[in-house]
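Next come the chains, spelled out residue by residue.
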Amino acid sequence: MKTAWQHHAAGSRFPTGVAWLCTATLGVMALTGFGQMPLYNRYYLSDIPGLGWLADFYVTRNIHYVGAAVLLGLLFYAAFDFLLRRRKKLRLTRSGTLRLALVAGIVVSGVLIVIKNFPHVYFNDAFVIGLNLFHLAMVISLLAANVVCLIFRKRWAAPA
């Protein structure tokens, strides 16, 4: 059995800066995503000094869009890094495949939500509600899967 250092030495992890940027981006995305619902104002969290911006839908939406752009950039970086450099040395684990499917669901539903916000695009109301619920369910599932994988030390990839 390999130690954590041997896994790191085998190149199974991204550089620390990329990992921290991904974690910070996901945190900002979760914070601003839940800000799209009127939770922070309803439960008086926006009354805490310095957090008033959480109650402003347009501010949280714009920050969420910037976070989505950063997250897409990180996803493309990870995909190309895996496909071009690490594919022969690493393989996705089952937990990595599950989390990748959840991320794909989030990205696809998020792109459809952005398209829905264009002025000349119309989606059926039932579809929009279902899309929003699907997006939220995928996000909550990813957060739960990441917590479980953190607790049980499940990795995205393992040596091939």
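Everything here concerns the structure above.
Residues numbered from 1 in each chain as written. Predicted model: local features only at pLDDT ≥ 70, side-chain atom pairs only at ≥ 80, totals over all residues. Heavy atoms only, no water.

Structural notes on a nonpolar patch on the surface
Worth spelling out the cut-off: Patch criteria: residues need more than 30% relative accessible area and no salt bridge. Like-charged residues are merged within 9 Å; nonpolar side chains of Val, Leu, Ile, Met, Phe, Trp and Tyr are merged within 5 Å. Accessible areas in this description were obtained via Shrake-Rupley with a 1.4 Å probe; residue shielding takes into account the shown protein chains only. Salt bridge criterion: a side-chain nitrogen from Lys or Arg within 4 Å of a carboxyl oxygen from Asp or Glu. For the purposes of this entry, the term helix denotes a DSSP run of H or I that reaches at least four residues, the term strand denotes a run of E that reaches at least two, and both are numbered from the N terminus.
Taken together, the side chains of Leu 72, Phe 76, Phe 80, Leu 83 and Leu 84 make up a nonpolar region of the molecular surface, amounting to roughly 530 Å² of accessible area. Its location among the elements puts Leu 72 in helix α4 (residues 57-86).

Digging into unusual backbone geometry
For residues besides glycine, phi is generally negative; the peptide bonds are generally trans as well. The line we're drawing: Relative accessibility thresholds used throughout: buried, under 20% of the residue-type maximum; exposed, over 50%; partly exposed, between the two (1.4 Å probe, protein chains only).
Despite not being glycine, Tyr 44 has its phi angle at roughly 60°, a positive value. Tracing the sequence through the fold places Tyr 44 in the loop between α3 (39-42) and α4. Since its relative accessible area comes to 58%, Tyr 44 is described here as exposed. Of note in the backbone geometry, Arg 153 takes a positive phi value of approximately 55° without being a glycine. Looking at the secondary structure, you find Arg 153 in the loop between α6 (125-151) and β2 (157-159). On the basis of relative accessible area, Arg 153 is assigned to the exposed category, the value being 75%.

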